[in-house]
Amino acid sequence: MSEEKVTLESLALKKPLDKLTTKELRELCINKMPLIAGVSGMDKDTIITNVKEFLEIVEEEGAVSPYKDQILTIKGQIKTMREDKVKVESRKDRTLLRRKINKLKKRTRAMARAV
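Let me sum up the structure you'll find in this document. (Residues numbered from 1 in each chain as written. Predicted model: local features only at pLDDT ≥ 70, side-chain atom pairs only at ≥ 80, totals over all residues. Heavy atoms only, no water.)

1. Topic: the overall build of the protein chain
Keep this limit in mind: Numbered from the N terminus, helices here are DSSP runs of H or I no shorter than four residues, and strands are runs of E no shorter than two. Note on exposure labels: buried denotes an accessible area under 20% of the residue type's maximum, exposed denotes more than 50%, and partly exposed covers the range between, all computed with a 1.4 Å probe on protein chains only. Whether two residues touch is decided by their heavy atoms; if any such pair falls within 4.5 Å, the residues are in contact. Computed by Shrake-Rupley with a 1.4 Å probe, the accessible areas treat only the displayed protein chains as cover when residues are assessed.
Each helix and strand counted, the protein chain has five helices and zero strands in total. Evaluated residue by residue, the protein chain yields a buried proportion of 23% over its 115 residues. At a minimum sequence separation of 6, the contacts of the protein chain that also span at least 24 residues come to 45%. In the form shown here, the protein chain has an accessible surface area of approximately 9,400 Å², with 51% of it arising from carbon and sulfur atoms.

Rendered as C-alpha cells:
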C-alpha cells in the first residue's frame with residue numbers, strides 16, 4: 001500500500017483549522033486522517049491539537065506583533081488625551097475627546113488581533 005502523507009495543503013480547507021466547527025473537524029479526521037483515533041469523543045481543542053500534531057504544524061508561542069510600535073504610540077496618545085479630557089471644561093469638547101479615545105482603543109485592539 002502506498003499511502004500519501006497528508007498535508008494541510010492537500011486537505012484543501014476553505015477555513016483555517018481554528019474556525020472549523022467540531023462536527024467539521026470530526027468528519028475531516030474520520031475521512032482524511034484515520035490514524036487519529038477516538039475523535040468522536042474529543043472536544044474541539046483536543047481535536048485541533050491532535051490534527052496539528054499529525055500534520056506536524058508548529059505554532060510559535062509569544063510572537064511579537066508587527067504593529068507593536070504603532071500600538072504603543074497610539075496608547076501614548078490615549079494617555080495624553082485622557083489627561084487633556086480632565087482639564088477641558090466644555091462638555092462638547094470632553095465628548096469629542098472621549099469619542100476619539102474610544103476610536104483609538106478600537107484601533108489598537110484590531111491591530112493586536114491582526115496577528
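2. Observations concerning a positive patch on the surface
The line we're drawing: Only residues whose relative accessible area exceeds 30% and that take part in no salt bridge are eligible for patches, with like-charged residues grouped when within 9 Å of each other and nonpolar side chains (Val, Leu, Ile, Met, Phe, Trp, Tyr) grouped when within 5 Å. Take a side-chain nitrogen of Lys or Arg and a carboxyl oxygen of Asp or Glu: if they are within 4 Å of each other, that pair is a salt bridge. In this charge count, Lys and Arg are treated as positive and Asp and Glu as negative; neither His nor the chain ends contribute. For this purpose, a charge sits on NZ of Lys, CZ of Arg, CG of Asp or CD of Glu.
Among the surface-exposed residues, Lys-103, Lys-106, Arg-107, Arg-109 and Arg-113 lie close enough to one another that they form a single positively charged patch. Overall, the relative accessible area of 51% leaves Lys-106 in the exposed class.

3. What about the packing of helix α4 (residues 68-87) against helix α5 (residues 91-113)?
For clarity, the threshold we go by: All axes here are fitted lines through C-alpha atoms, helices being fitted over the stretch that makes contact, and every angle between N-to-C directions spans 0 to 180 degrees. Note on terminology: angles under 35 degrees are roughly parallel, angles over 145 are roughly antiparallel, angles of 65 to 115 are roughly perpendicular, and the others are oblique. Two helices cross in a left-handed way if the nearer one is turned anticlockwise from the farther one by less than a right angle. They cross in a right-handed way if the turn is clockwise.
Close contact between α4 and α5 brings their axes to 10 Å; oriented N to C, the two are set at 160 degrees. For the element pair α4 / α5, the angle class is roughly antiparallel. Of the two possible hands of crossing, α4 and α5 adopt the one that is left-handed. Touching Gln-70, Ile-71, Ile-74, Lys-75, Gln-77, Ile-78, Met-81, Arg-82, Asp-84 and Lys-85 of α4 are Arg-94, Leu-97, Arg-98, Lys-100, Ile-101, Leu-104, Lys-105, Arg-107, Thr-108, Met-111 and Ala-112, all from α5.

As far as function goes, none of this settles anything; it's purely spatial.
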